[in-house]
Amino acid sequence: MSDFNVKTSSELETLLATRRDGYGMPRGFYHDPALYAAEMRTIWLGGWLFAGFEFEIPNPGDFLTITVDGSPVLVLRDDHGSVRAFHNVCRHRGTQLCRKESGHVHAIVCPYHSWTYSRQGELVSCMGMHEGIDKSKLGLKAVHAEVVAGLIYISMAAAPPVFDGLRERFEGTAKPQGFARARIAKVTEYEVEANWKLVWENNRECFHCVQNHPQYVKANFDVYEEAYASEAIRQKMADAVARTESKWAAQGVAITHAKGGLAPFPDPDRNTWYAADRTVMVEGFDTESMDGRRVAPLMGDYQDADVGVLRMRTMPNFWVHGSCDHAVAARLLPAGPRKTIVRGYWLVDQFAREGDDYQLDRLLPFWQLTNEQDWDICKWQQKGVDSFAYEPGPLSQRKEYNVDAFIRWYLKQMRAGGPSGNAARPSSRAT
Amino acid sequence: MSDFNVKTSSELETLLATRRDGYGMPRGFYHDPALYAAEMRTIWLGGWLFAGFEFEIPNPGDFLTITVDGSPVLVLRDDHGSVRAFHNVCRHRGTQLCRKESGHVHAIVCPYHSWTYSRQGELVSCMGMHEGIDKSKLGLKAVHAEVVAGLIYISMAAAPPVFDGLRERFEGTAKPQGFARARIAKVTEYEVEANWKLVWENNRECFHCVQNHPQYVKANFDVYEEAYASEAIRQKMADAVARTESKWAAQGVAITHAKGGLAPFPDPDRNTWYAADRTVMVEGFDTESMDGRRVAPLMGDYQDADVGVLRMRTMPNFWVHGSCDHAVAARLLPAGPRKTIVRGYWLVDQFAREGDDYQLDRLLPFWQLTNEQDWDICKWQQKGVDSFAYEPGPLSQRKEYNVDAFIRWYLKQMRAGGPSGNAARPSSRAT
Amino acid sequence: MSDFNVKTSSELETLLATRRDGYGMPRGFYHDPALYAAEMRTIWLGGWLFAGFEFEIPNPGDFLTITVDGSPVLVLRDDHGSVRAFHNVCRHRGTQLCRKESGHVHAIVCPYHSWTYSRQGELVSCMGMHEGIDKSKLGLKAVHAEVVAGLIYISMAAAPPVFDGLRERFEGTAKPQGFARARIAKVTEYEVEANWKLVWENNRECFHCVQNHPQYVKANFDVYEEAYASEAIRQKMADAVARTESKWAAQGVAITHAKGGLAPFPDPDRNTWYAADRTVMVEGFDTESMDGRRVAPLMGDYQDADVGVLRMRTMPNFWVHGSCDHAVAARLLPAGPRKTIVRGYWLVDQFAREGDDYQLDRLLPFWQLTNEQDWDICKWQQKGVDSFAYEPGPLSQRKEYNVDAFIRWYLKQMRAGGPSGNAARPSSRAT
Ligand code: FES
Ligand code: FES
Ligand code: FES
């Protein structure tokens, strides 16, 4: 399909080569439609994407839908209880099958001419067709799906990147948070007027936190890079680590990032596109809330509040912060060179009930503010980067090492043609 | 004009060749802007388009306007009572002349600098210009116009396709419906979020009717293809044919499609882009209304209700269903690769008065429902077809022979460079 | 930067050559995105643009912002009282610095990571960066700025066109109007659905005035070209000139265009892109108001009403009409091949107060009407020019000599690659 050949790959090479080590990326990276198209097939259709939470589709026939760069995908639980994903596209004349964000089906019946697929994706009926149709060749096209620690990942690549490392890392670190036993307290869909890479670059440093996120810096040590932190700050962190570790040794709630500043991520040299770390909080903060006090019942395996913050991320579209009592996640989907749709999720324990166990006006503000402050920054950065006079400046080696890492990771993917070493192609294996 | 050369005609050839016999068309056909541009000049500016009804402009100076792919056209009745069409563009500095959807003019006066054209399109005044302007060279540019059985057709082609076959067919078959003596009871403009070809493919089969149009299948035999209909159904149809024919023999109300299923159309092998057929209705249905009972006074030459349904179609932008008491038409205009504007018309006899002779809430629902059900289907088909994983499936030889015929007709036009064998070029003959 | 090479310059040459002497410009000039891009870098980023009035930023630290084709610019008064302009783009990661239309700053602090620039544009602080950052290389990128007679002009060109001629002409002619001692009574932002060149062509003739601007032709002699005016009209003009001159001799309020019709402008042969002229008004009109009576206190140096109308224009984005008591200006900014943003300003003396000294319902209508009548014309001209059948017609040698002059000026700029002989390039000189 001509759409999926790399168009003017030498032009791409040339653009990729314009980035100067230690500096931001030039203007073209943030507004060129052809580069955007290349990113879609290489990074977004070639890698693993967070699609949703397993608890959203608890029973056979439950489904959720997600559309990535115009390609609709259906994620559903099959008759045997497994999570599967399919291209949400009828094999007859291409109609999108399931239309709602989530729902339940006994079978997948196309609303156009009633071709009917089982929950395993097999074509089981196509009344009205002529003799000789080979139904076995017309099952739904499969999309790769994996579930780990309650998170659902999909890949539209023919040969997706290896998932094992992520599975190993997340199963160990994320289990206590209990994502599989959670529920959604609130979902907000944000339309961010910025390129998806600006959203990530914003996420990959806390250089901007003091000026932009007053509520955030009160709770976390992110702004204190190890080498530059005062002795007092170091002592505070050490105390917090000791406090937490003493309670949780051997129960999976280990502090894995005990230094100030952000843990390094991504790691382009080791090709690491996922991370899961636990950090301590500032004394007086039990959770990421405005006043530090708990805002919901304990989640998962947690037995008291002193668990710090679990932070997980996967390139290119997911992150989550888990406190003792709630977790806040973000799922990114690009919508053009200058627009990104971010779905923000606030999760609580599956048995927590609004009004009784938690109040939205206490649960939401910390990340609602942080999110909206960040989207505003990204919007104005996009406007500046659009200038013909924009010239990338130096990245702070103290505070923006992860922005640099993100850029190097990105360039590596683009040069290699995607995480799996090749761009997305529609998989034709049925079910 | 470089706009009107076929750009990368070999790319076009390649795309056209990707369609597999008996299957739908690949993704590129439904979202590529360059292909869309080629369709505009080849099919839309090269062929005949339904513009409106003759009764809309009964008197000299009455006009209606229509804009096709950004080119505005003026259709008006001239001083001698003939229907003419012109490019609705001033010959001075190009201002659009008449702006309303319809109206009346004594002369066509440009609102910018008052250049004034007669109703025959001649430039009669251009006060303020210097000496030596040759007014005879600056008349409005003519657009071909034809009227048949009360329908107005225009063509912007330099050499439009032959109109004789359509004239002959429509004059005989359509006359009893009395389109020339009708009025508009209601017009609705629909913005359909789908490529214009998806709208036609939807129109060219009733495979989808059982699931989507419960009101429609009660009234019509379209879903019963001859070879697959039960003996009971065949008997019902035969009875209905006999009943109608006995009344109407030799009065022009002949049943021309007496079998179930859709009459074959278009016919790419004979290059037939127009059709007019009369079908019988199911017993108990006098008209296409929700309960089958009449909703308005008889139209045209009809003397009682038993006239079946007159169905007329012309590629690429018109169809109508005429019952004994009303007719419902659709005029298509493309508005980009993913959008089509459909104007729905409900016609009744010219003397029928709302409230007294008909009620809109009884007249409209049958086709309002059918239209909106179809536009919804088309929207979701577009979303699925947009997927990079979309792959055209087999067309039912029993039920989608006309979809196949449409695709073959379309490919033939595109290969030949349009109905007239060459793409549109602005005609420069004045008046 | 590949964006700023002339793409397919031979295609550009070909298009430019399609214009026929004495006729309008062909369709491609008004809808082609590639040509639009070329115009942006050649004419808009290569020339001088009116940005605002000096009185809008009276004190050090006062600023206004303007975005030209996606490139945001900051205009501010520095510590020494000079007006300066900078690319409004942080040298760190490119964020737009000042966001409001106007405001005041002590220093320019980037809202992202607090890089701080002086009002002279020097980077004075970048806390959090690593050692070894050379701040002297990271000042804001300068944009050329000039102030003349209270008007602020900017140029983003590396080597802007010479400004001396304009300075000389405006200082002499515009001084009495007192632009430097005015205030804004009203600003209106219009979104005109037309190419910026159609807006100028409309501005460059009064052929359309009789039919479209009844209020305008009552006040002004524009529609009476010298060679075609009646003896009575000539006498009226001569009387008005004599009346004005007798009062104002040697005070800078000379009638410089004493003939009917529009003064010639622009002058492509002398490369004149600015003009300032004073014309007389029709007897009974003291100002450009609906009834000719004054609508505000006298402005500037004027001592009574009999000053005619001061008209100033600069290509490609500014004009103003100054009466004795108020002035009405327009600042154009293109927003795509089919859209232009026009900011309309109504100015009065700095001490005039709404309600006491002037009423908006008497001040605004004359030009509000004239503006809106013109934008409507331009919109419908764009729709006609979009037609594939549009063919440019002859320009009136009597009435459209300035449209012809505009077209020739435009073609000359485009052929030469811009007013300064070369297209815009980001200037890298700091402060
Ligand atoms: S498109 Fe799905 S059944 Fe026809
Ligand atoms: S554009 Fe029509 S008269 Fe000038
Ligand atoms: S982008 Fe301005 S300080 Fe970082």
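On a predicted model such as this, the values are computed, not experimentally measured, just so you know.

1. Topic: the sheet that holds strand β8 (residues 123–125) of chain A
Residue and element names in this part refer to chain A.
- The three strands are arranged β6-β7-β8 in an open sheet whose pairing can be described as antiparallel. Strand pairing shows two members of the sheet lacking a second neighbour, β6 (108–109) and β8, which therefore form its edges.
- Here β6 runs beside strand β7 (residues 116–117); their pairing, made up of two bridges, is antiparallel. Bridging across to β7, Val-109 finds its partner in Thr-116.

2. Quick word on the packing of aromatic side chains
Residues and elements named next belong to chain B.
- Under the counting rule described, the total for this entry stands at 69 aromatic pairs over all chains.
- Geometrically, the ring pair formed by Phe-50 and Tyr-345 is edge-to-face, given 6.1 Å between the ring centres and 85° between the ring planes. Note that Phe-50 is positioned in strand β1 (residues 49–53) and Tyr-345 in strand β16 (residues 340–349), a separation of 295 residues in sequence.
- Residue classification places Phe-50 among the buried residues on the basis of a relative accessible area of 0%.

3. Side note on the interface of chain B and chain C
- Taken together, the contact pairs 33 residues of chain B with 32 residues of chain C.
- Between chain B and chain C the total buried area reaches about 2700 Å² when both faces are included, carbon and sulfur atoms providing 55% of it.
- The tally of links from chain B across to chain C stands at four salt bridges.
- Among the ionic pairs, Arg-91 of chain B bridges to Glu-391 of chain C, the shortest N-O distance being 3.7 Å.
- At the boundary of chain B with chain C, the tally comes to 19 residue pairs in polar contact (both at pLDDT 80 or more).
- When the residues that make up the side of chain B that touches chain C are grouped by side-chain class, the tally is 16 nonpolar, eleven polar and six charged.

4. A word on the relation of the copies chain B and chain A
- In the superposition of chain B on chain A (RMSD 0.0 Å, axial shift 0.1 Å), the rotation amounts to 120°. Interpreted geometrically, this transformation is the action of a three-fold axis. No C-alpha of chain B lies nearer the rotation axis than that of Pro-33 of chain B, which sits 8.4 Å from it.

5. Comments concerning the domain arrangement of chain A
All names here are of chain A.
- Each domain of chain A was delimited in the assignment, giving domain 1 (48–151) and domain 2 (168–416).
- Measuring from the centre of the C-alpha atoms in domain 1 to the corresponding centre in domain 2 gives 32 Å.
- Across the boundary between the two partners, domain 1 contributes 16 residues, which contact 20 residues of domain 2.
- When domain 1 packs against domain 2, close to 1500 Å² is buried across both sides, 71% of that on carbon and sulfur atoms.
- By the criterion of area lost to domain 2, the three top residues of domain 1 are Phe-50, Phe-53 and Phe-55, representing 37% of everything that side buries.
- Viewed at the interface, domain 2 and domain 1 are joined by one salt bridge.
- With its nearest N and O atoms 3.0 Å apart, the salt bridge here joins Glu-101 to Arg-343.
- Between domain 1 and domain 2 we count three residue pairs in polar contact (both at pLDDT 80 or more) in total.
- Put simply, the parts of the chain that give the side of domain 1 that touches domain 2 at least two residues each are β1 (49–53) and β2 (62–68).
- With five residues, β1 is the single largest residue contributor to the side of domain 1 that touches domain 2.
- The residue inventory of the side of domain 1 that touches domain 2, partitioned by class, reads eleven nonpolar, three polar and two charged.

6. Overview of the interface of chain B and chain A
- Contacts between the two partners involve 32 residues from chain B, matched on the other side by 33 residues from chain A.
- Taken together, the two surfaces of chain B and chain A that pack against each other cover about 2700 Å², and 55% of this comes from carbon and sulfur.
- Run the count over chain B and chain A and you get four salt bridges.
- Taking the shortest distance from any N to any O, the salt bridge between Lys-141 of chain A and Glu-391 of chain B comes out at 2.7 Å.
- Linking chain B to chain A there are 20 residue pairs in polar contact (both at pLDDT 80 or more).
- Only α4 (196–203), α5 (209–212) and α9 (365–385) of chain B provide two or more residues apiece to the side of chain B that touches chain A.
- Sorting elements by how many residues they give to the side of chain B that touches chain A places α9 of chain B first, with seven residues.

7. Details of the packing of helix α4 (residues 196–203) of chain C against helix α10 (residues 401–416) of chain C
All names here are of chain C.
- In the contact formed by α4 and α10, the axes pass within 8 Å of each other and the chain directions differ by 145°. As for the relative orientation of α4 and α10, their crossing is right-handed in sense. Across the interface between the two elements, Trp-196, Lys-197, Trp-200 and Glu-201 of α4 pack against Val-403, Phe-406, Ile-407 and Tyr-410 of α10.
- Here the residues of the contact of α4 with α10 sort into six nonpolar, no polar and two charged.

8. Let's talk about the pattern of salt bridges
All names here are of chain A.
- All told, the structure shown has 93 salt bridges over all chains when counted by the stated rule.
- The closest approach of N and O atoms between Arg-362 and Asp-291, which form a salt bridge, is 3.5 Å. With Arg-362 in helix α8 (residues 360–363) and Asp-291 in the loop between β12 (274–279) and β13 (309–314), this residue pair connects regions lying 71 residues apart in the sequence.
- Using a relative accessible area of 35% as the deciding quantity, one classes Asp-291 as partly exposed.

9. Some words on the state of the cysteines
- Applying the stated criterion across every chain yields a total of three disulfides over all chains.
- With its sulfur 2.0 Å from that of its partner, Cys-206 of chain A forms a disulfide with Cys-209 of chain A. Judged by the torsion about the S-S bond (-100°), the Cys-206 of chain A/Cys-209 of chain A disulfide is left-handed.
- The class for Cys-206 of chain A is buried, based on a relative accessible area of 6%.
- Unpaired in this structure, Cys-378 of chain B has its nearest cysteine sulfur neighbour in Cys-209 of chain B, at a distance of 12 Å.
- By relative accessible area, which is 0% here, Cys-378 of chain B ends up buried.

10. Some remarks on the nonpolar core
- Grouped together as the largest cluster of nonpolar side chains are 116 residues, with contacts concentrated most on Phe-53, Val-75, Phe-179 and Tyr-410 of chain A.
- Tallying contributions element by element places helix α10 (residues 401–416) of chain A first for this core, with seven residues.
- Summarising the domain contributions, this core has at least three residues from each of domain 1 (48–151) and domain 2 (168–416) of chain A.
- Listed in part, the 110 residues of the second largest apolar core include Ile-57, Val-83, Met-281 and Val-295 of chain C.

Analysis parameters
All chains use their own residue numbering, which begins from 1 and follows the written sequence. Naming scheme: in the order in which they are written, chains are lettered from A and ligands are numbered from 1. Confidence filtering applies because this is a predicted model: local features only for residues at pLDDT of at least 70, side-chain atom pairs given and counted only at 80 or more, and all residues used for totals across whole chains, interfaces and linings. Only heavy atoms go into the side-chain values, all of them from the structure, while hydrogens and water stay out. DSSP bridges decide pairing: two strands pair if at least two such bridges lie between them. For the purposes of this entry, the term helix denotes a DSSP run of H or I that reaches at least four residues, the term strand denotes a run of E that reaches at least two, and both are numbered from the N terminus. Ring pairs shown here join Phe, Tyr and Trp side chains whose ring centres sit within 6.5 Å, with only the six-membered ring taken for Trp; geometry is labelled stacked below 30 degrees between planes, edge-to-face above 60, and tilted in between. Exposure classes here rest on a 1.4 Å probe applied to the protein chains alone. A residue is buried below 20% of its type maximum, exposed above 50%, and partly exposed in between. In this analysis, two residues are considered to be in contact whenever any of their non-hydrogen atoms come within 4.5 Å of each other. Throughout, buried area stands for the accessible area (probe radius 1.4 Å) lost by two parts on being put together, summed over both. Any carboxyl oxygen of Asp or Glu within 4 Å of a side-chain nitrogen of Lys or Arg constitutes a salt bridge here. Distance and chemistry together define a polar contact, namely a pair of N or O atoms within 3.5 Å, with one atom able to donate a hydrogen and the other to accept it when in protein, and with adjacent residues in sequence counting only for side-chain atoms on both sides. Note on residue classes: Ala, Val, Leu, Ile, Met, Phe, Trp, Tyr, Cys and Pro are nonpolar, Asp, Glu, Lys and Arg are charged, and everything else, Gly too, is polar. When the copies are superposed, the least-squares fit takes in the C-alpha atoms of residues with a pLDDT of at least 70 in both. Each domain's limits were defined by an automated method or a database of domain assignments. Where helices are involved, their axes are fitted lines through C-alpha atoms of the stretch in contact, as for all axes, and angles between N-to-C directions lie from 0 to 180°. The crossing is said to be left-handed when, going from far helix to near helix, the turn is anticlockwise and less than a right angle, and right-handed when the turn is clockwise. Here, the term disulfide refers to a pair of cysteine sulfur atoms separated by no more than 2.5 Å. Here the nonpolar core consists of buried residues drawn from Ala, Val, Leu, Ile, Met, Phe, Trp, Tyr and Cys, with membership extended through side-chain atoms lying within 4.5 Å.

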